[in-house]
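# Inside the fold
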Amino acid sequence: MLKFSKKAMNAIPKLFSYRNDVDIFTEDKTADKEFYKSLFANLFKGKLKINDVTPLGCKKNVYDHYDARTPKELKGKYYIVDGDLDLITKSNRAEEKNLIVLDSYCIENYLIDEKGIVELTYLSKGSDDIDKVKKAINFDKWLSYNKSCLCCLFHHLAFLKCLGGGKKLKNANDFLKTDKKQVMLDSTKVDVYRDEIKNEILTILQNEYGSKAQQQYEKEIEEIKKRWEVNEENLLKIVSGKSYLLPLLQFRINYCIGKGKGLIPKSSLKLFLAKNSQLDRLRFLTKRIK
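This structure is a prediction, so every number in the text was calculated from the model and none was measured.

Moving on: the packing of helix α5 (residues 114–125) against helix α12 (residues 266–276). Put simply, α5 and α12 touch, their axes get as near as 9 Å, and they point 120° apart. As the angle between them shows, α5 and α12 are arranged oblique. Where α5 crosses over α12, the two elements pack in a sense that is right-handed. Taken together, the residues of α12 that come into contact with α5 (itself represented by K115, G116, I117, E119, L120 and L123) are L269, F272, L273 and N276. Of the residues assigned to the contact of α5 with α12, the class counts are six nonpolar, two polar and two charged.

Shown next, in the form of structure tokens:
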């Protein structure tokens, strides 16, 4: 894989200036370019030309690239970073005119949209009418089933990160079960993982609060839960769309179309939803990027 110097990365947007009205810098990888192209085409409906984005790899790289620009150099340039766990603890950097912090865990969260999901399932099934497909997907029930254990898991992950602890984030594939030929999230497995994180939190708190660690834990976790209640809206905001919601959606669609063990590739799923979802929760970008 080719690697480019910072100087070369700075020059890339200039190469594509004739293809873009503005320059967009994101996290993610080069492989996500087509996804972003489709996403912005759907979002701006031809009002703004964005055929290329510059992926910088990680959040820190985006911040560093942004901080290195002068106000004059920032004209026509926009930097987009994920909310991540810092969204839950309100520890993200403050937004600025050209720096946009997403109000959800990651860009994939905005793809979880009933219209696009039903349309993809309808086309993939190819034999049922749209109303029957919509009933089979049962989008609201699917959200409701996953909300409790996943919201609570991410409450704890954010709490642990805030304390300086943490481990590599597991993904939905680590917590699956098969029920009546449908692969779905096993909430019991998720709760076991959450309790592991809780124990790490308590260990850290005991070093500072001693015998009052449990009391402190209960106080702080309740504050997080009050800010981010367990509901469908917050499920779509604070739980990773990339690591949890999209993989679970793959299995849901797979079950509804009777495809067997084969899954729609995640990259194909992302691209279709980017092109066909309503993206209502992402409309704020049309006001920020001009």
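Turning next to the nonpolar core. Of all hydrophobic cores here, the largest spans 78 residues; its most connected members are F40, L150 and I289. Ignoring sequence-local partners within four residues, the contact set of I289 consists of V22, I24, F44, L48, Y78, I80 and I100. Of all hydrophobic cores here, the second largest spans ten residues; its members include Y66, L74, V81 and V101.

Where helix α8 (residues 187–209) contacts helix α9 (residues 213–227), the two axes come as close as 8 Å, and the packing angle between them is 120°. Relative to α9, the element α8 is oriented oblique. Along this stretch, α8 crosses α9, giving a crossing that reads as right-handed. Contacts between α8 and α9 pair K198, I201, L202, L205, Q206 and Y209 from the former with A213, Q214, Q216, Y217 and E220 from the latter. Of the residues contributing to the contact of α8 with α9, the split by class is six nonpolar, three polar and two charged.

A word on the side chain of K147. With respect to the element layout, K147 can be found in helix α7 (residues 139–162). Engagement of the side chain of K147 in a polar contact is seen with the side chain of E232, the distance being 3.3 Å. Setting aside chain neighbours within four positions, we find K147 in contact with V230, N231, E232 and L235.

Further remarks concern the pattern of salt bridges. Overall, the coordinates contain 16 salt bridges when judged by the stated rule. Of the charged contacts in the structure, one is a salt bridge between D84 and K59, with a shortest N-O distance of 3.1 Å. Of this pair, D84 sits in the loop between β3 (77–81) and α4 (86–89) while K59 sits in helix α3 (residues 59–67), placing them 25 residues apart in sequence. Neither residue differs from the other here; D84 and K59 are each classed as buried. Of the charged contacts, one joins D86 and K59 as a salt bridge, the two residues approaching to 3.7 Å between their closest N and O atoms. With D86 in helix α4 and K59 in helix α3, this pair connects stretches of sequence that are 27 residues apart. Bridged by salt links that share partners, the residues K59, D84, D86 and K161 form one connected network.

What follows is about the sheet that holds strand β4 (residues 99–101). Pairing in this open sheet of four strands is parallel, and the strands run β2-β1-β3-β4 from one edge to the other. Pairing within the sheet leaves two strands with one partner each, and these edge strands are β2 (54–55) and β4. Here strand β1 (residues 23–26) runs beside β2; their pairing, made up of two bridges, is parallel. Its bridge partner being in β2, F25 is matched across the sheet by T54. α3 rests against β1, β3 and β4 of the sheet, and its axis sits at about 155° to β3.

What follows covers unusual backbone geometry. Not every positive phi belongs to a glycine, and K45 is a case in point at roughly 50°. Checked against the element boundaries, K45 lands in the loop between α2 (33–44) and β2. In this structure, K180 is a non-glycine residue whose phi angle is positive, near 55°. In this fold, K180 is placed in the loop between β5 (176–179) and β6 (182–185). Owing to a relative accessible area of 72%, K180 belongs among the exposed residues under this scheme.

Before going further, it helps to spend a moment on α5. With twelve residues, α5 should cover 16 Å at 1.5 Å per step; its first-to-last C-alpha distance of 16 Å lies within 8% of that length. Looking at the buried positions of α5, the neighbouring elements they touch are α6 (130–137), α7, α11 (241–257) and α12. Here α5 starts with a cap whose side-chain oxygen sits 3.2 Å from the backbone nitrogen of K115, and that cap is D113. Backbone geometry just downstream of α5 places G126 in the positive-phi region, at approximately 75°.

Definitions and limits used
- Residues numbered from 1 in each chain as written.
- Predicted model: local features only at pLDDT ≥ 70, side-chain atom pairs only at ≥ 80, totals over all residues.
- Heavy atoms only, no water.
- Axes fitted to C-alpha atoms, helices over the stretch in contact; angles between N-to-C directions.
- Helix = DSSP H or I, 4+ residues; strand = E, 2+ residues; numbered from the N terminus.
- Parallel < 35°, antiparallel > 145°, perpendicular 65-115°, else oblique.
- Left-handed = near helix turned anticlockwise from the far one by under 90°.
- Contact = heavy atoms within 4.5 Å.
- Nonpolar A, V, L, I, M, F, W, Y, C, P; charged D, E, K, R; others polar.
- Core = buried A, V, L, I, M, F, W, Y, C linked by side-chain atoms within 4.5 Å.
- Buried < 20%, exposed > 50% of the residue type's maximum accessible area, 1.4 Å probe, protein only.
- Polar contact = N/O pair within 3.5 Å; in protein donor to acceptor, adjacent residues only side chain to side chain.
- Salt bridge = Lys/Arg side-chain N within 4 Å of Asp/Glu carboxyl O.
- Pairing = 2+ DSSP bridges.
- Expected span 1.5 Å × (residues − 1).

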